[in-house]
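# Structural features, examined
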Amino acid sequence: MSEALFADFQPLIAIATTPKAVQQLQPLGQKLIVPPTLIHLDDVTPYQGSLKEYLASVWHSHHSFVFSLATGAVIRLIADLLQDKATDPAVVVVDETGKWVISLCGGHQGGADRLAQIIARQLGAIPILTGAAIASDLPGVDVLGVPFGWRKGEGDWTGVSAAIARKEPVEVMQSAGSKLWQDHLPPQHPFQFQKSASQGRVVISANQDNIQASIPQVKWYPRVLWVGMGCERDTSQKVMEYALKQVFKNHNLAESAIAGIATIDIKGDEVGMVQLCQDKGYPLRTFTAERLAKVKVPTPSEIVQGEVGTASVAEAAAILAADRDQLVVNKGIFRLEGEKGAVTIAIAQSEREYTGRTGQLYLVGTGPGDLTQMTPAAQSAVTQADVVIGYSLYIDLIKPLQRPGQIIESLPITQERQRAQRAIDLAQWGLTVAVVSSGDSGIYGMAGLVLEELADQGWDGITPDVEIFPGVSALQSASARVGTPLMHDFCAISLSDLLTPWEVIEKRLQMAAQGDFITALYNPRSRTRTQQIFTAQEIFLQHRKGETPVAIVKSAYRQDEQITLTTLEKMTKSEIDMLTTVIIGNSSTQNYANWMITPRGYLGFN
Ligand code: SAH
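Residues numbered from 1 in each chain as written. Predicted model: local features only at pLDDT ≥ 70, side-chain atom pairs only at ≥ 80, totals over all residues. Heavy atoms only, no water.

## Observations regarding the overall build of the protein chain
For clarity, the threshold we go by: Runs of H or I in DSSP of at least four residues are treated as helices and runs of E of at least two as strands, each being numbered from the N terminus. Here, residues are in contact when the closest pair of their heavy atoms is within 4.5 Å. All accessibility values rest on the Shrake-Rupley procedure with a 1.4 Å probe; residue burial counts only the protein chains present in the view. All tallies of charge rest on Lys and Arg as positive and Asp and Glu as negative; His and the ends of each chain are not included. For charged residues, the charge sits on one atom: NZ in Lys, CZ in Arg, CG in Asp, CD in Glu.
Within the protein chain, the secondary structure is distributed over 18 helices and 30 strands. Taking the principal axes of its C-alpha atoms as reference, the protein chain extends roughly 95 × 65 × 55 Å. Taking all contacts inside the protein chain whose residues are at least 6 apart in sequence as the whole, residues at least 24 apart take part in 65%. Surface accessibility of the protein chain: about 27,900 Å² in total, with carbon and sulfur atoms responsible for 51%. Counting 51 positive and 62 negative side-chain charges, the protein chain places the centres of these two groups 3 Å from one another.

## Considerations on the state of the cysteines
Throughout this description, disulfide means a covalent bond between two cysteine sulfur atoms. Here is the rule: Two cysteine sulfurs form a disulfide in these notes if their separation is within 2.5 Å.
Tallied over the full model, the rule gives 0 disulfides. Distance from the sulfur of Cys231, which forms no disulfide, to the nearest cysteine sulfur (Cys277) is 11 Å.

## Looking at unusual backbone geometry
Glycine aside, negative phi is the norm for most residues, and most peptide bonds take the trans geometry. Filter applied, for reference: Note on exposure labels: buried denotes an accessible area under 20% of the residue type's maximum, exposed denotes more than 50%, and partly exposed covers the range between, all computed with a 1.4 Å probe on protein chains only.
In this model, Gln10 is joined to Pro11 through a cis peptide bond whose omega is -10 degrees. Looking at where Pro11 falls in the secondary structure, it is placed in the segment before β1 (12-16). Pro464 follows Thr463 through a cis peptide bond whose omega is -5 degrees. Residue position: Pro464 is located in the loop between α15 (446-456) and β22 (465-469). Here the phi dihedral of Asp234 falls at roughly 65 degrees; this positive angle occurs in a residue that is not glycine. Locating Asp234 in the fold gives a position in the loop between β13 (225-231) and α7 (237-250). Overall, the relative accessible area of 43% leaves Asp234 in the partly exposed class. In the Ramachandran plot, Tyr557 falls in the positive-phi region, its phi being about 60 degrees despite a non-glycine side chain.

## Some details on the site of the ligand
Defined as follows: Note on terminology: near, applied to a residue and a molecule or strand, indicates that one of the residue's heavy atoms is within 4 Å of it. For the purposes of these results, a polar contact is taken to be a pair of N or O atoms within 3.5 Å, where, inside protein, one atom must be able to donate a hydrogen and its partner to accept one; residues adjacent in sequence count only when each atom of the pair is a side-chain atom. Classes in brief: Ala, Val, Leu, Ile, Met, Phe, Trp, Tyr, Cys and Pro nonpolar; Asp, Glu, Lys and Arg charged; the others, Gly included, polar.
Contacts to the ligand come from 19 residues, most closely from Ile443, Ser473, Met578, Thr580 and Thr581. Leu579 is positioned such that a nitrogen or oxygen atom in its backbone is 3.4 Å from a nitrogen atom of the ligand. A distance of 2.7 Å is found between a nitrogen atom of the ligand and a side-chain nitrogen or oxygen belonging to Thr581. In isolation the ligand offers 540 Å² of accessible surface; the protein chains occlude 94% of this area. The class makeup of the residues in the shell around the ligand is 10 nonpolar, 7 polar and 2 charged.

## Considerations on the sheet that holds strand β8 (residues 151-155)
Adjacent strands of a sheet pair through backbone hydrogen bonds, lying either parallel or antiparallel. Here is the rule we go by: Strands qualify as paired when DSSP identifies two bridges or more between them. Geometry is summarised by axes, namely lines fitted to C-alpha atoms with helices restricted to the contacting stretch, and by angles between N-to-C directions that run from 0 to 180 degrees.
Reading across the sheet, the 5 strands line up as β8-β12-β11-β9-β10 and stay open at both edges, with mixed pairing between neighbours. Lying at the two open borders of the sheet, with one neighbouring strand each, are β8 and β10 (191-192). Of the pairings in the sheet, the one linking strand β9 (residues 170-174) to strand β11 (residues 200-204) comprises 5 bridges and is parallel in character. The residue of β11 that forms the bridge with Val170 is Gly200. Where helix α6 (residues 157-165) meets the sheet, its contacts fall on β8, β9, β10, β11 and β12 (217-221), and the angle it forms with β12 comes to roughly 105 degrees.

## A closer look at the packing of aromatic side chains
Here is the rule we go by: We call Phe, Tyr and Trp rings a pair once their centres come within 6.5 Å, taking the six-membered ring for Trp, and we label the pair stacked below 30 degrees between planes, edge-to-face above 60, and tilted otherwise. We count a charge as sitting over a ring when the NZ of a lysine or the CZ of an arginine lies within 6 Å of the ring centre and within 35 degrees of the ring normal.
If you walk through the whole model with that rule in mind, you get 12 aromatic pairs. Aromatic pair Tyr47 and Tyr54: ring centres 5.6 Å apart, planes at 25 degrees, arrangement stacked. Like Tyr47, the residue Tyr54 is buried in the burial classification. Taken together, Phe148, Trp150, Trp157, Trp220 and Trp429 form an aromatic cluster joined through their ring pairs. The lysine or arginine in question, Arg481, covers the ring of Tyr557, its NZ or CZ lying 4.3 Å from the ring centre.

## Digging into the side chain of Arg403
Note the cut-off: In what follows, salt bridge is the name for a side-chain nitrogen of Lys or Arg lying within 4 Å of a carboxyl oxygen of Asp or Glu.
Tracing the chain through its elements places Arg403 in the loop between α13 (392-397) and β20 (407-411). Asp386 is the oppositely charged side chain nearest to the buried, salt-bridge-free Arg403, at an N-O distance of 4.3 Å. A distance of 2.9 Å separates a polar atom in the side chain of Arg403 from the backbone oxygen of Ala385. The contacts of Arg403, once residues within four sequence positions are left out, are Arg114, Gln117, Thr383, Gln384, Ala385 and Asp386.

## Concerning a nonpolar patch on the surface
As a reminder of what qualifies: Like charges are joined within 9 Å and nonpolar side chains (Val, Leu, Ile, Met, Phe, Trp, Tyr) within 5 Å, but only among residues with over 30% relative accessible area and no salt bridge; these make up the patches.
A cluster of nonpolar side chains, Trp100, Ile126 and Ile128, forms an exposed patch at the surface whose accessible area comes to about 260 Å². Structurally, Ile128 is set in strand β7 (residues 126-128).

## Looking at the nonpolar core
Definition in use: Joining through side-chain atoms within 4.5 Å is the link that ties buried Ala, Val, Leu, Ile, Met, Phe, Trp, Tyr and Cys residues into a set, and such a set is a nonpolar core.
Ranked by internal contacts, the top residues of the largest apolar core, which has 43 residues, are Val66, Leu115, Ile119 and Val364. Going through the elements one at a time, β1, α1 (19-25), β2 (32-34), β5 (90-94), α4 (112-123), β18 (360-365), α12 (376-384) and β21 (432-437) are the ones with two or more residues in this core. Tallying contributions element by element places α4 first for this core, with 6 residues. Sequence-distant contacts of Leu115, that is, excluding residues within four places in its chain, are made with Phe6, Phe9, Leu12, Ser64, Val66, Ala90 and Val92. With 38 residues, the next largest nonpolar core counts Leu138, Val160, Ile407 and Ala447 among its residues.

Following this line, the structure appears as structure tokens:
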């Protein structure tokens, strides 16, 4: 079971009260809590006292709870613990037969809907989700900004959600943050992006303006404001907090839209600043005097230049952190009576918001085509991702796995490198990105391109986090359709010379033929590349008999599947194209009643 899939839901506790329930939840590979009577079972941790008391003791320190217990019992257990949907954990119930996985509460903000979908896929069960947004194929308005790390503001969340559920027009006023979500809404969505008569409003901005609302309204704050800060040594945290309040109030900006604090490297250990960042969850970004000195700023200071070697700290650091050449607020100096020190503050607004998340790249093999041939882990990875990137044909094949609000980017078949770069860019920004390939992603697929590109960019091997989900490759699915041609030593050769010189391919064909390897030919023929398959046939005929069995499998496990069993001398008479895999048997391979069989043993093999 892939741990990466559960990363967003940790700390997670799974609770089982009977041996059967333990069996039910064990495949999830999560921490399993059982009554003290079941401690003789493996891999479980007993709880102390009554289950109700135990739950109360871990309720606030855990993000998710999975129960294998009757729904009624779970409701009674958690009833007193529930507070409100913004803070309640995700609660998921798996029924005793393992057929249903119920998202009981914390569906949107707690992530229970997503968790239930992942668990259902792992267990081969059906997820039961009852939230209104799910029914309408829309992302919940209360989780809209989660992928981008937006902070949730004030507002009538229930009122706006209700308007959306009723399919009434809801106005969106977005002046900051990513608009990616807007491009991936279903056709009949209720959002209006121009001012219009509506029954609800979603405001997405970095401003603190109080728009008078006669209709329900909610606010999201993308974290786009970088606060450049300079200060005297040992300036108290109170002065900094006071300064921030003042500046944000005076300029009508929202503190919830703060991305982080930026300063000069020698201030990286300034106690007040470090503490402020820790308290508020801000990253502290530091720059050298040399870099800061190169930035053009509105208010340079000779005194600062003399002290630290750059004419600006606050303004230059804000500009660098936001990657913009302008400020939204020029520097101001603040002191507070009775408190030590003085602080300078300037603010710049970045184009792209700070997500505060560690990006993940899922490199996913979707198998030959039919969803039943795709592993449950790979399916979960697709459902779990914020963004799914792939070639349009494969994206269509996995449509049932898509989740409302997901960003789906399909790119033409020729743009593999761009696809890899786009995925890396989004993951570096903090999103969870699934890159899908047919078959196995690591066999003539996208996984290699992504890892190569990461290595080119000097990746540290850790961030973004990479997880590869294997899939059934074309040689396996083609083989399964015709029998057991790959029963002995085999190899795969791609006839595509787009990324490999033809001489190399020809040499490998020679060696495979000579070595009596069963050979699966990928990319055997395209509209423009028609000769290669004839050359391959000629080379094999130099080493194998004309009647050697050959399988030609087109679109295995897809609707237009076509299978031909033929021989080496006749193979080029059949239709072979880019959706085909050709398997050439070895000298022992036989056809029997329309089954292609390569013997398993070496005995009798020459
Ligand atoms: N990553 C894929 C291979 C991609 S290269 C995998 O592991 O299967 C593309 C080639 O794969 C095609 O030209 C064809 O030779 C083969 N292929 C992919 N899907 C196939 C299918 N459903 N049936 C037969 N061949 C297939």
